[in-house]
Amino acid sequence: LGLSGSSELSPLCSIFYLMSVSVLERTNILKRKFLTLLFVKTKWRLCCVSVSYVERCQQHRWRCAAVTFTCPDGGLCQSWVGAIAEQLAAITSRPRRLLIYINPYGGKRQGGRVYEQKVAPLFAQAAISTHVIVTEHANHARDHLRTDAELKKYDGVVCVGGDGMFSEIVHGLIWRTQMDSSLDPNSPDETLTSCSLRIGIIPAGSTDCICFATVGTNDPVTSALHIIVGDSQPMDVCSIHHNNTFLRYSVSLLGYGFYGDVLTDSERKRWMGPVRYDFSGLKMFLTHHYYEGTVSYLPARGVVGTPRDAARCRSGCVVCQHNGPKPSERAEKYETDDCGETIRGKFLAINAASMSCACPRSPKGLSPAAHLADGTTDLILVRKCSRFDFLRHLLRHTNKEDQFDLNFVEVHRVVRFRFMPRHCQSDSDLELDLLENGKRQIFGQICRDHPACGCAPAYSSWNCDGEILTHTAIDVRVHCRLIKLFARGIEESCDAHPYRGKPKFVF
Ligand SMILES: CCCCCCCCCCCCC/C=C/[C@@H](O)[C@H](CO)NC(=O)CCCCCCCCCCCCCCC
Ligand SMILES: Nc1ncnc2c1ncn2[C@@H]1O[C@H](COP(=O)(O)OP(=O)(O)OP(=O)(O)O)[C@@H](O)[C@H]1O
Ligand SMILES: [Ca+2]
């Protein structure tokens, strides 16, 4: 083995992402049946060093494996262990102390079990100390992070749950960070301070799209290993305001119309578990409501990449690196009159995807070419169309066809946007409508769509990362790289990776 110096150790570390190392003394070996034979055959005192490492498996999954080295010389063995432990301790990006929140009610209600059985043993093996809080009610984790948590004591925060639970952590951490920086979260033009603590996600929810889109799989062990090796992935966050009042942050999907209605309907069916989304999805597809309003947006300027690119955001993404925040970045003033675009119409869905929103239901996501950390969001407008056409659009989320290549769908890469539902529009806007469309036509339309007529509703709700927003008129702004995850982005085709499968030792 000859692991005498650090230069010989580093290739091993980089290939196998060394996790931990421990010495198995003779007594332990006796207890382990698979090593008993070795011990019996060996006449002299035997020491073993067990090195745990990460092995890449299929479909972006990672597993923990171990290799045991034996040596007759106890002293030499101890020096290997000392050298390796020293190397591990020198990796400052690895977390040593984690604050963990478990949502016992997310997804299939397996969060507690998943953590205890699959994750806690790995953290213990990697010598990570943990403070675990099982949440007792919604917003428990958010409020604890906002005010009570002693964040200085930790190197990261981990949530065991779904996108809603992740959203709680994001809200708590961002709020706390802005308060510590004396910033006003109610001002949409404020340049927010990025959170220093990284967030880990152990997927145990219903969609888990943030985990899926940043790791490539929803697997608790894989996520735990990304936390242990100290990965870091910055992520954009949208702030949502209404009349200069802060409402929420969004990192994945902000959807009005179809996805808002699906969420509203599905919340009443939480008892069904994850299948509630399919049930409500089918129901809302058949209901086929459309909504009128005005979307105005600031297109992303000076960035590389478009929502129709074939290239995807992957680990070490060059688009994200190029488009990241510039030192002089400040909020672009939002005057739609001189630099924004405005679209008025009837929409089945208005979606803003700040990342791909890939998930097991749609492995390429709502906006397959969206980027995790480029400071933009993809604004997708699905205009009123037939059920058949909408089905074609939806189906394309599940196959290789381009869901934007339809004449009723448009997509824009933006840094800010606003939505105003039609019935909230100002009198002057309505007057403009009258002029544009003619009196008879507009009154006929208002009557057809007005809720008092008992027909289609005039308003939908916003689905903000799986939470329902109470306001329909909103102002959205992207904050580039506001948070960091214990992830590295989806790795390029793992199946073709040279290190996949059984390790090949290079000595
Ligand atoms: C024919 C099959 C079409 C399948 C189309 C699948 C498109 C799926 C796109 C999923 C995008 C998820 C974006 C992530 C959002 C999360 O922040 C949020 C919180 O976890 N999850 C949801 O809101 C949960 C949203 C879940 C939405 C599920 C929609 C299911 C639609 C089913 C339509 C069936 C029509 C069948 C007609 C015969
Ligand atoms: N102890 C608790 N009791 C009830 N609700 C809770 C508790 N802890 C957290 N919550 C709330 O549960 C909601 C759903 O949780 P979570 O996101 O983990 O699962 P999910 O909705 O099934 O999954 P996904 O968001 O991925 O679709 C969150 O909005 C969160 O605020
Ligand atoms: Ca983005």
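Under the annotation held in an unreviewed UniProt entry, the protein chain carries the name Ceramide kinase and is attributed to Nothobranchius furzeri.

(A) Here's a closer look at the site of ligand 1. Among the 23 residues in the neighbourhood of ligand 1, the closest are listed as D163, T207, S252, N463 and D465. The side chain of D163 places a nitrogen or oxygen atom 2.6 Å from an oxygen atom of ligand 1. Separating an oxygen atom of ligand 1 from a side-chain N or O atom of S252 is a distance of 3.1 Å. For ligand 1, the accessible surface in isolation is 850 Å², of which the surrounding protein chains cover 85%. Of all the elements in the fold, those that place two or more residues in the shell around ligand 1 are α11 (276–287) and α14 (387–395). In terms of residue count, α11 provides more of the shell around ligand 1 than any other element does, 4 residues in total. When its residues are assigned to classes, the shell around ligand 1 shows 12 nonpolar, 8 polar and 3 charged. The residue makeup of the shell around ligand 1 includes at least three contributed by each of domain 2 (94–232 + 486–507) and domain 3 (240–322 + 339–478).

(B) Examining the nonpolar core more closely. Grouped together as the largest cluster of nonpolar side chains are 69 residues, with contacts concentrated most on Y101, F166 and I483. No fewer than three residues from each of domain 2 (94–232 + 486–507) and domain 3 (240–322 + 339–478) sit in this core. Once residues lying within four places of it in the same chain are set aside, the contact partners of F166 are C159, I199, I201, I210, V251, I483 and L485. Membership of the second largest hydrophobic core comes to 24 residues, among which are F123, I128, V158 and I228.

(C) Region of the structure containing the site of ligand 2. Taken together, 23 residues are adjacent to ligand 2, and T135, G162, G164, E168 and S206 come closest. Measuring from an oxygen atom of ligand 2, one finds a backbone N or O atom of M165 at 3.1 Å. In this structure, an oxygen atom belonging to ligand 2 sits 3.4 Å away from a side-chain N or O atom of R276. Protein coverage of the free-state accessible area of ligand 2, which is 630 Å², stands at 89%.

(D) Spotlight on the coordination of the calcium ion (ligand 3). Listed as protein donors to the calcium ion (ligand 3) are D236 (OD), S354 (O), H371 (O), D374 (OD) and T376 (O); their distances from the metal cover 2.3 to 2.6 Å. Each donor residue of the calcium ion (ligand 3) lies on one chain, and together they are spaced D-x117-S-x16-H-x2-D-x1-T. Here H371 matches D374 in class, with each residue buried.

(E) Structural detail: the UniProt feature "domain: DAGKc" (unreviewed entry) in the protein chain. Within this numbering scheme, the UniProt entry marks residues 93–244 as carrying the feature "domain: DAGKc" (unreviewed entry). Across residues 93–244, helical content stands at 38% and strand content at 22%; the span's end C-alpha atoms are separated by 38 Å.

(F) Expanded view of the packing of helix α10 (residues 258–267) against α11. For the pair α10 and α11, interaxial distance at closest approach is 8 Å and the crossing angle is 125 degrees. The angle between α10 and α11 places the two elements in the oblique class. α10 and α11 meet at a crossing whose hand is right-handed. Note on element contacts: α11 touches α10 through R276, Y277, S280, G281, K283, M284 and F285, opposite F258, D261, V262, L263, D265 and S266. Across the contact of α10 with α11, the residue classes break down as 6 nonpolar, 3 polar and 4 charged.

(G) Local environment of the pattern of salt bridges. The tally for this structure, following the rule as stated, stands at 21 salt bridges. In this structure, R383 and E410 form a salt bridge, with 3.1 Å as the shortest nitrogen-oxygen distance. Of this pair, R383 sits in strand β13 (residues 377–383) while E410 sits in strand β14 (residues 409–421), placing them 27 residues apart in sequence. Judged by relative accessible area, E410 falls into the partly exposed class, the value being 22%. Residue D475 is joined to R418 by a salt bridge in which the shortest nitrogen-to-oxygen separation is 3.8 Å. In this pair, D475 sits in strand β17 (residues 474–485) while R418 sits in strand β14, placing the two residues 57 residues apart along the sequence. Each member of the salt-bridge network shares a partner with another, and the members are R56, D231, R488 and E491.

(H) Summary view of the packing of α11 against α14. It is the contact of α11 with α14, at a shortest axis distance of 10 Å, that shows an interaxial angle of 145 degrees. On α14, the residues touching F285, L286 and T287 of α11 are R387, F390, L391 and L394. A per-class count over the contact of α11 with α14 returns 5 nonpolar, 1 polar and 1 charged.

(I) Molecular detail of the packing of aromatic side chains. Per the counting criterion, the structure on display carries 11 aromatic pairs. For the pair W175 and F246, a centre-to-centre distance of 6.1 Å together with 45 degrees between the ring planes defines the contact as tilted. Of this pair, W175 sits in helix α7 (residues 163–180) while F246 sits in strand β9 (residues 245–250), and the two are 71 residues apart along the sequence. With relative accessibility at 12%, the residue F246 sits in the buried group. Centre to centre, the rings of F285 and F390 are 6.3 Å apart; their planes meet at 15 degrees, and the pair counts as stacked. Residue F285 is found in helix α11, and its partner F390 is found in helix α14; the two are separated by 105 residues along the sequence. With respect to burial, F285 and F390 carry one shared label: buried. In this structure, R146 is placed above the aromatic ring of W175, and the distance from its NZ or CZ to the ring centre is 4.5 Å. Above the face of the Y277 ring, R276 is positioned so that its terminal group lies 4.4 Å from the ring centre.

Cut-offs used in this document
Residues numbered from 1 in each chain as written. Chains lettered and ligands numbered in written order. Predicted model: local features only at pLDDT ≥ 70, side-chain atom pairs only at ≥ 80, totals over all residues. Heavy atoms only, no water. Near = heavy atom within 4 Å. Polar contact = N/O pair within 3.5 Å; in protein donor to acceptor, adjacent residues only side chain to side chain. Areas by Shrake-Rupley, 256 points an atom, 1.4 Å probe, with all protein chains shown as cover. Helix = DSSP H or I, 4+ residues; strand = E, 2+ residues; numbered from the N terminus. Nonpolar A, V, L, I, M, F, W, Y, C, P; charged D, E, K, R; others polar. Domains from an automatic or database assignment. Core = buried A, V, L, I, M, F, W, Y, C linked by side-chain atoms within 4.5 Å. Buried < 20%, exposed > 50% of the residue type's maximum accessible area, 1.4 Å probe, protein only. Contact = heavy atoms within 4.5 Å. Donors = N, O, S within 2.8 Å, 3.2 Å for Na, K, Ca; no water. UniProt positions renumbered as here; feature names shortened; annotations may be inferred. Axes fitted to C-alpha atoms, helices over the stretch in contact; angles between N-to-C directions. Parallel < 35°, antiparallel > 145°, perpendicular 65-115°, else oblique. Left-handed = near helix turned anticlockwise from the far one by under 90°. Salt bridge = Lys/Arg side-chain N within 4 Å of Asp/Glu carboxyl O. Phe/Tyr/Trp six-rings, centres within 6.5 Å; stacked < 30°, edge-to-face > 60°. Lys NZ or Arg CZ within 6 Å of the ring centre and 35° of its normal.

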